[in-house]
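As a plain string of letters, each chain reads:
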Amino acid sequence: MELLAIDFLGKPLRLEGSMAGWQQLFWDNTLVSQIAAAPTDTDQFIHQFELSNNEQTIQCQLNGSLSWQPFLIQYQASVDQQVIAQGERNNKDIERQQPQQPIKVEKRFSLIGLVSLGMKALKSAKLIKVVLASASLAAYSWLFSIQFALALLACLVFHEYGHIRAMKYFGMKTKGIYLIPFLGGLALSDEKINTRWQDVVISIMGPAFGLIMSLASMIAYWITGEMFFAGLAVFNALLNLFNLLPILPLDGGHVLKSISFSMNSKIGIIACALAAVAGVILSYRLGLTLFGFLLIMGSLEIIFEWRQRHQSHLLPLDRYGQIFSSVWYISLVAAFVGIIAYFASLGDSLLSLPLQILGT
């Protein structure tokens, strides 16, 4: 990940590194110094390199200290033993930075490239949003009713809007919300995240907005007595509770991955593997083919994450972040279960259905 980017002698000086210990220093995108990964845990680093200018060689150095949890880098850049730049960066600076974009190499014609170009065009077309939303409305109306379909789409849009708001909070450009028939919705962004805290917040804000909608619907039911609002509150709670299952690519899976991989890589893979096994059992018992497919895709992502753990560009959560994220996640799950249990206690068979699903 990019640890530091400053102006140095009129050109960018960029420091890349990972928790494994390796560091690479680039001056104007040219590698000038590197430190290999080492088993010893030290927070001090020194990069020494030479630059030539008009047949004159100058001695350059970048040194400082680096702490990962909590993240803090203090640096000092010098030329011929004269300090020309110094400062520090924390996790807030990392969250706001734009990841370095690699230089794109022109490729020859290929089917994969053509498909990729088609997908980019698909995501950028506003007409596609309308077509997908219309298809979703038609599909859910065919399965249920137009009233239920509209309510379901409202739940999905409000959920995805939570993701969008979180992305914008971190300064990320968003592509908008896409409603996929029978699959739910997607909130898309072209930009990558820099920290696992961003992953947690962006993932969990969808269910958090879903909780707001369930609570608002419950209050509307108390005021009006309309069963429509009761059904909206309880089924929206079930929808968001499903999304909080700790299995990738669901929101709960992203939260689990961010917390567990911030603790320790081995703990992370064990926790995700146990969640995957639980998902297989659940899929088998409920006969959820789609759920099993999502589980397979999530497991592949975990395997890829495990293999690339030492080169991860994501800044891990510190201890406070791990605890706060865990409490946030558990609180949301408890709130949704509470809403479902409350409406089930009213004795209505339809409102009791979500609790029966959980009981299964």
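Predicted, not measured: the structure shown is a model, and the values here were computed from it. (Residues numbered from 1 in each chain as written. Predicted model: local features only at pLDDT ≥ 70, side-chain atom pairs only at ≥ 80, totals over all residues. Heavy atoms only, no water.)

Asker: Describe the packing of helix α5 (residues 196-224) against helix α10 (residues 319-344), and please don't skip the residues or the numbers.
Answerer: Contact geometry of α5 with α10 gives a least axis separation of 10 Å together with a crossing angle of 25°. The angle between α5 and α10 places the two elements in the roughly parallel class. Seen from above, α5 lies across α10 with left-handed handedness. (Axes fitted to C-alpha atoms, helices over the stretch in contact; angles between N-to-C directions. Helix = DSSP H or I, 4+ residues; strand = E, 2+ residues; numbered from the N terminus. Parallel < 35°, antiparallel > 145°, perpendicular 65-115°, else oblique. Left-handed = near helix turned anticlockwise from the far one by under 90°.)

Asker: Kindly report on the sheet that holds strand β8 (residues 82-90), identifying the contributing residues and their values.
Answerer: Across the sheet, 4 strands lie side by side as β5-β6-β7-β8; this open sheet has antiparallel pairing. Looking at strand neighbours, the two that pair on one side only are β5 (44-53) and β8, the edges of this open sheet. Pairs of neighbouring strands in the sheet enclose a mean axial angle of 15°, with direction left out of account. In this sheet, strand β6 (residues 56-67) lies alongside β5 in antiparallel orientation, the contact comprising 10 bridges. For F45, the partnering residue across the bridge sits in β6 and is G64. (Pairing = 2+ DSSP bridges.)

Asker: Outline the pairing of strand β1 (residues 2-8), listing residues and values.
Answerer: Most of β1 is tucked away: 5 of the 7 residues are buried. In the sheet, β1 pairs with strand β2 (residues 11-17) via 6 bridges, with the strands oriented antiparallel. From the neighbouring strand, L4 faces β2, where its bridge partner is L15. Counted along the chain from β1 to the antiparallel partner β2, the turn is 2 residues long, and its residue L9 has a positive phi close to 55°. (Buried < 20%, exposed > 50% of the residue type's maximum accessible area, 1.4 Å probe, protein only.)

Asker: A description of unusual backbone geometry should follow, citing residues and the corresponding values.
Answerer: In most cases, non-glycine residues show a negative phi, while peptide bonds are predominantly trans. A positive phi angle is found at L9, which is not glycine, with a value near 55°. The topology assignment puts L9 in the loop between β1 and β2. The phi dihedral of D28 is positive, around 55°, even though this residue is not glycine. Relative to the elements of secondary structure, D28 occurs in the loop between β3 (23-27) and β4 (30-35).

Asker: Tell me about the packing of α5 against helix α6 (residues 227-243), residues and numbers included.
Answerer: Packing of α5 against α6 leaves a shortest axis separation of 8 Å and a crossing angle of 160°. Relative to α6, the element α5 lies roughly antiparallel. The element α5 and its partner α6 pack so that their crossing is left-handed. Packed against α5, whose contacting residues are G206, P207, G210, M213, S214, S217, M218, A220, Y221 and T224, the element α6 presents M227, F229, A230, L232, A233, N236, A237 and N240 at the interface. A breakdown of the residues in the contact of α5 with α6 according to their chemical character gives 11 nonpolar, 7 polar and no charged. (Contact = heavy atoms within 4.5 Å. Nonpolar A, V, L, I, M, F, W, Y, C, P; charged D, E, K, R; others polar.)

Asker: I'd love a proper account of the sheet that holds β2, names of residues and values included.
Answerer: Strand order in the open sheet formed by 4 strands is β1-β2-β3-β4, with antiparallel pairing between adjacent strands. Single-partner strands in this sheet number two, and they are β1 and β4. This sheet shows a mean twist of 15° between the axes of neighbouring strands, independent of strand direction. As paired elements, β3 and β4 share 5 bridges and run antiparallel to each other. Opposite W27, over in β4, you have T30 as the bridge partner.

Asker: I'd like a rundown of the packing of aromatic side chains, residues and numbers included.
Answerer: Any pair of aromatic rings gets described here by the distance separating the centres and the angle formed by the planes. Within this structure, the stated rule accounts for 11 aromatic pairs. Look at Y169 and F170: their rings are 5.1 Å apart centre to centre, the planes differ by 75°, and that puts the pair in the edge-to-face class. With relative accessibility at 49%, the residue Y169 sits in the partly exposed group. In this structure F170 comes out as buried when scored by relative accessible area, which is 3%. Above the face of the F26 ring, R14 is positioned so that its terminal group lies 4.6 Å from the ring centre. (Phe/Tyr/Trp six-rings, centres within 6.5 Å; stacked < 30°, edge-to-face > 60°. Lys NZ or Arg CZ within 6 Å of the ring centre and 35° of its normal.)

Asker: So what's going on with α6? Which residues, and what values?
Answerer: Spanning 17 residues, α6 covers 24 Å between terminal C-alpha atoms, matching the ideal 24 Å at 1.5 Å per step. Those residues of α6 that sit buried are A230, G231, L232, A233, V234, N236, A237, L238, N240, L241 and N243. (Expected span 1.5 Å × (residues − 1).)

Asker: Explain the pattern of salt bridges to me, using residue names and the numbers behind them.
Answerer: In a structure, side chains of opposite charge can pair up when their charged atoms sit close to one another. Using the criterion set out here, one finds 2 salt bridges in the structure. Across the pair D28 and K11 runs a salt bridge whose closest N-O atoms are separated by 3.7 Å. In this pair, D28 sits in the loop between β3 and β4 while K11 sits in strand β2, placing the two residues 17 residues apart along the sequence. By relative accessible area, D28 is classed as partly exposed at 35%. (Salt bridge = Lys/Arg side-chain N within 4 Å of Asp/Glu carboxyl O.)

Asker: Before we move on, could you go through the confidence of the model for the protein chain and cite the residues and values that matter?
Answerer: Across the protein chain, the average pLDDT comes to 76, with 69% of residues at or above 70. Within the protein chain, helix α2 (residues 111-124) has the poorest average pLDDT of any element, 52, and α5 the best, 91. The low-confidence segment residues 102-109, where pLDDT is below 50, has 2 contacts with residues more than four positions distant or belonging to other chains. (pLDDT = per-residue confidence, 0-100.)

Asker: Residue-level account of the UniProt feature "transmembrane region" (unreviewed entry) in the protein chain, with values.
Answerer: The positions UniProt marks with the feature "transmembrane region" (unreviewed entry) are residues 130-159, 200-222, 228-247, 267-284, 290-306 and 327-345. In residues 200-222, the share of helix is 100% and the share of strand is 0%. The end C-alpha atoms are 33 Å apart. Helix and strand shares over residues 228-247 are 80% and 0% respectively, and the end C-alpha atoms of the span are 31 Å apart. (UniProt positions renumbered as here; feature names shortened; annotations may be inferred.)

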